[in-house]
Amino acid sequence: MIITPTEIDGVFLVDVEAFTDERGLFARTFCRDEFAAAGLAVDVAQCSVAYNRRAGTVRGMHWAGEPVRETKLVRVTRGALLDVIVDTRPGSPTWLRHVAVELTADNRRALFIDAGLAHGYQTLTDDTEATYQMNVPFQPGHDRGLRHDDPVLGIAWPLPVTVISDKDRSWPLLTDGASRPGVGAGQA
């Protein structure tokens, strides 16, 4: 595996090193020792899958608030999406900046997302499926969110939004005087 930091501390690209032959390929997608060597403590407590029927679907922007310290490893197993991470850690030098990465079944790339960072994505193809490995189980009442279209964030989504949950559409805008990013209940 090749683990590469991004411009936001706590967000890492995870690329596979594929071994190919006439059968196809084999690659490790997770190795606790390699993650530890990169300074990433990963203790997988829950795995989830998100299936999205239509291109243009947006999920996010979500994270778990204190005291929950949720980290995620996200990978696409079918289709393609643009994954966006926003730094929601007050005092961080990259506060409210974002990084966007295309994850596809073909590129087999994953994103490691540290605690305190908002995560969301838009599907680029119909029938896109993403898997998540998290270090803690979902804990209701600790979820937080930002609006995907908040002008303060300036996220350039590549497609018109075709599907989004009412919850994700209703997070308050940062420009509405919110002193800290949104608080709410429910899952992605």
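Caption draft 1: The overall build of the chain, seen in detail. The secondary structure content of the chain amounts to two helices and 14 strands. Over its C-alpha atoms the chain spans a radius of gyration of 16 Å, differing by no more than 12% from the 16 Å that the globule rule assigns to 188 residues. Taken over the C-alpha atoms alone, the chain extends approximately 60 × 35 × 30 Å along its principal axes. Among the 188 residues that make up the chain, the fraction classed as buried is 45%. Intrachain contacts of the chain at a sequence separation of at least 6 include 77% that bridge at least 24 residues. Of the roughly 9,400 Å² of accessible surface on the chain, 52% is carried by carbon and sulfur atoms. Charge centroids of the chain, computed over 19 positive and 25 negative side chains, lie 3 Å from each other.

Caption draft 2: Expanded view of the state of the cysteines. Per the stated rule, a full pass over the model turns up zero disulfides. The thiol sulfur of Cys-31 is not disulfide-bonded, and the nearest other cysteine sulfur, from Cys-47, lies at 16 Å. Judged by relative accessible area, Cys-47 falls into the exposed class, the value being 54%.

The rules behind these values
Residues numbered from 1 in each chain as written. Predicted model: local features only at pLDDT ≥ 70, side-chain atom pairs only at ≥ 80, totals over all residues. Heavy atoms only, no water. Helix = DSSP H or I, 4+ residues; strand = E, 2+ residues; numbered from the N terminus. Rg over C-alpha atoms; globule rule 2.2 N^0.38 Å. Buried < 20%, exposed > 50% of the residue type's maximum accessible area, 1.4 Å probe, protein only. Contact = heavy atoms within 4.5 Å. Areas by Shrake-Rupley, 256 points an atom, 1.4 Å probe, with all protein chains shown as cover. Lys, Arg positive; Asp, Glu negative; His and termini not counted. Charge placed at Lys NZ, Arg CZ, Asp CG, Glu CD. Disulfide = S-S within 2.5 Å.

Any functional reading would require information that these geometric values do not contain.
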